[in-house]
Amino acid sequence: MTTSRTGAARGARGTYCGHCGGPCVPWTDGGGNADDGGTAAPSPAHRQCLSSLQWEPPRFCVQCGRRLKVQVTPLGWRAECSRHGPTTAP
Amino acid sequence: MTIHATDHAILDTARRQVLDQGIGLAEEQLVDVLSLPDDALPAALDLAHQVRLKHCGEDVEVEGIVSIKTGGCPEDCHFCSQSGLFDSPVRGVWLDIPELVKAAKETAATGATEFCIVAAVRGPDIKLMNQVRFAINRIRQEVDINIACSLGMLTQEQVDQLAGWGVHRYNHNLETARSFFPQVVTTHTYEERLATCAMVKDAGMELCCGALIGMGETLGQRAELAAQLAALDPHEVPLNFLNPRPGTPLEHQEIMDGKDALRAIVAFRLAMPRTVLRYAGGRELALGDLGTREGLLGGINAVIVGNYLTTLGRPATADLNLLVELNMPIKELQKTL
């Protein structure tokens, strides 16, 4: 087991993936559970991205897919989209 | 655990040579350590831990690091997401001085005694040196912590400036073995790195000179690196494990096997019995929680607490709680009398 950082994982949820910047298209898992872009599991294409985001901050805006300016500090991180403003580690 | 004479000859040799006499293993001996079978690993870790306790003491040095200038680096270190030559998602950003002071305060609050200011540059220009000078002054006014820097390759004048400003330790990594270096970096040479390391030591600053393993080097090259670091006799060696970054030439390199990572920790400790050997980037991926614990009981005597420059580390509390659990005291800030 590995102690994980889950703070950045939410960066994978949204219209765009916070890790790779690719689109998070709506999907269902066959059981009627849809990726609502915020609370459901990520689409299959971005599961690895979600895993990666345990150990890194988001690099892309989940609302528009633009690359973020990101500052990591010893105990946190802060990201900023030129269109949608700042996000900080929870 | 008792080390038996029947285990492996190299461990018996290491016990006599390193533990008893304090003489680090040579390159060819380190190959034997790195080639130990899995069943010999617990004994090897135990020996490395005994070496660390005898020659370094029980304290663990805790450090925080922060990037003052991220991204846009002109160098092509193939492992680095901050190179401006690769299609990496990392964008250029500067940290202002109030935020830097805040980061230093947060780091000190964890019990850390070291705070390292890092910049992704070939070497510092006047603007960066000026920013660093102001940052050092402001941190000194508000935070009780040792300040280290990592600003790339330096001129003699810059070395003298940093020493004069009270920077007590300077980080400049060799990263990999001389024989493997041209496959990892083409925009500067191994000799240029060695030149900065030599100037730092000559100026009286502590040299922090690290390694990044798991980039595709052979075991022989891993041993070569440990021996080359030992020859430099740095005060500290941060040991990084490759975390393959998107967009870099090494993005598809496999994450290092945990047992190989532990063998490397043992080898580096047995090569440098008196050096501060610090857990640095990538340990979360290569070792996980269990491996982190084994490494602290296998030669490691320092940690980077919290996050790294562009990636996240274990929560600071996880490492600090582990040190408490292992009954390992955090090194206190040394004051000059």
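Here is what the cut-offs are and how they apply
Residues numbered from 1 in each chain as written. Chains lettered and ligands numbered in written order. Predicted model: local features only at pLDDT ≥ 70, side-chain atom pairs only at ≥ 80, totals over all residues. Helix = DSSP H or I, 4+ residues; strand = E, 2+ residues; numbered from the N terminus. Rg over C-alpha atoms; globule rule 2.2 N^0.38 Å. Buried ≥ 20, exposed ≤ 12 C-beta atoms within 10 Å, placed from the backbone. Contact = placed C-beta atoms within 7 Å. Nonpolar A, V, L, I, M, F, W, Y, C, P; charged D, E, K, R; others polar. Pairing = 2+ DSSP bridges. Axes fitted to C-alpha atoms, helices over the stretch in contact; angles between N-to-C directions. UniProt positions renumbered as here; feature names shortened; annotations may be inferred. Right-handed = clockwise from strand over helix to strand, strands pointing away.

Chemist: Could you give an account of the overall build of chain B, with specific residues and numbers?
Modeler: In terms of regular secondary structure, chain B is built from 12 helices and 10 strands. The C-alpha radius of gyration of chain B comes to 19 Å, within 12% of the 20 Å expected for a compact globule of 337 residues. Principal-axis analysis of the C-alpha atoms places the extent of chain B at approximately 60 × 45 × 35 Å. Put simply, chain B has 337 residues, and 54% of those count as buried.

Chemist: Could you give me a rundown of the interface of chain A and chain B, with the residues and numbers involved?
Modeler: Of the residues lining the interface, 20 residues belong to chain A; the matching set on chain B comes to 28 residues. Sort the elements by how many residues they give to the side of chain A that touches chain B and strand β1 (residues 69-73) of chain A lands first, with 5 residues. Along the lines of polarity and charge, the residues of the side of chain A that touches chain B split into 11 nonpolar, 4 polar and 5 charged.

Chemist: For the sheet that holds β1(A), give the residues involved together with the corresponding values.
Modeler: Residues and elements named next belong to chain A. Here we have 3 strands laid out as an open sheet, ordered β1-β2-β3, and antiparallel in their pairing. Edge positions in the sheet fall to β1 and β3 (85-88), since each has one partner strand and no second. Strand-to-strand twist in this sheet, taken as the mean axis angle between neighbours without regard to direction, amounts to 15°. Judged from the 5 bridges that link them, β1 and strand β2 (residues 76-81) form a sheet pairing that is antiparallel. The residue of β2 that forms the bridge with Gln 71 is Arg 78.

Chemist: Now, about the UniProt feature "domain: Biotin synthase auxiliary protein C-terminal" (unreviewed entry) in chain A: what can you tell me, with residues and values included?
Modeler: Taking the UniProt record as the reference, the feature "domain: Biotin synthase auxiliary protein C-terminal" (unreviewed entry) is found at residues 68-88 of chain A. Structurally, residues 68-88 of chain A comprises 0% helix and 71% strand, and the distance from its first C-alpha atom to its last is 12 Å.

Chemist: Tell me about the UniProt feature "binding site: [4Fe-4S] cluster" (unreviewed entry) in chain B, and please be specific about residues and values.
Modeler: All names here are of chain B. Listed under "binding site: [4Fe-4S] cluster" (unreviewed entry) in the UniProt record, and renumbered for this structure, are Cys 73, Cys 77 and Cys 80. For Cys 77, the position within the fold is in the loop between β1 (61-70) and β2 (93-94). Among the residues examined, Cys 77 registers 24 C-beta atoms within 10 Å and is labelled buried. In this view, Cys 77 contacts Ser 83, Val 184 and Val 185; residues no more than four positions away in its chain are not counted. Along the polypeptide, Cys 80 turns up in the loop between β1 and β2.

Chemist: Any details on the environment of Ala14(B)? Residues and values, ideally.
Modeler: Residue and element names in this part refer to chain B. Mapped onto the secondary structure, Ala 14 falls in helix α1 (residues 9-20). Residue class for Ala 14 comes out buried when judged on the 29 C-beta atoms lying within 10 Å of it. Residues Ala 14 and Leu 270, 256 residues apart in the sequence, show an inter-C-alpha distance of 7.2 Å. The residues contacting Ala 14, other than those within four sequence positions of it, are Leu 19, Leu 25, Leu 47 and Leu 270.

Chemist: Report on the UniProt feature "binding site: [2Fe-2S] cluster" (unreviewed entry) in chain B, specifying residues and quantitative values.
Modeler: All names here are of chain B. The feature "binding site: [2Fe-2S] cluster" (unreviewed entry), as given by UniProt, occupies Cys 116, Cys 208 and Arg 278 in the numbering adopted here. A stretch of 163 residues holds the annotated residues, and the largest C-alpha distance among them is 13.3 Å, short enough that they meet in one place. With respect to the helices and strands, the residue Cys 116 is situated in strand β3 (residues 114-119). The contact partners of Cys 116, leaving out residues within four places of it in the chain, are Glu 63, Ile 65, Ala 148, Cys 149, Ser 150 and Asn 171. Its location among the elements puts Arg 278 in strand β9 (residues 276-279). Looking at Arg 278, the number of C-beta atoms within 10 Å reads 22, which means it is buried. Filtering out sequence-adjacent residues up to four positions away, Arg 278 remains in contact with Glu 63, Glu 236, Val 237, Pro 238, Leu 239, Ala 302, Val 303 and Ile 304.

Chemist: Can you explain the environment of Thr110(B)? Please cite residues and give values.
Modeler: Residues and elements named next belong to chain B. Within the fold, Thr 110 resides in the loop between α4 (97-109) and β3. On the neighbour-count criterion, Thr 110 (18 C-beta atoms within 10 Å) is partly exposed. Those residues in contact with Thr 110 that sit more than four places away from it in its chain are Val 62, Gly 64, Val 305, Ala 316 and Leu 320.

Chemist: Run through the pairing of strand β4 (residues 146-150) of chain B, naming residues and quoting values.
Modeler: Residues and elements named next belong to chain B. Judged by how many residues are buried, β4 sits mostly within the fold: 4 of 5 residues are covered. Here β3 pairs with β4 via 5 bridges, running parallel. Along β4, the bridge assignment pairs Val 118 with Ser 150. The parallel pair β3 and β4, bridged by helix α5 (residues 126-142), forms a crossover whose chirality is right-handed.

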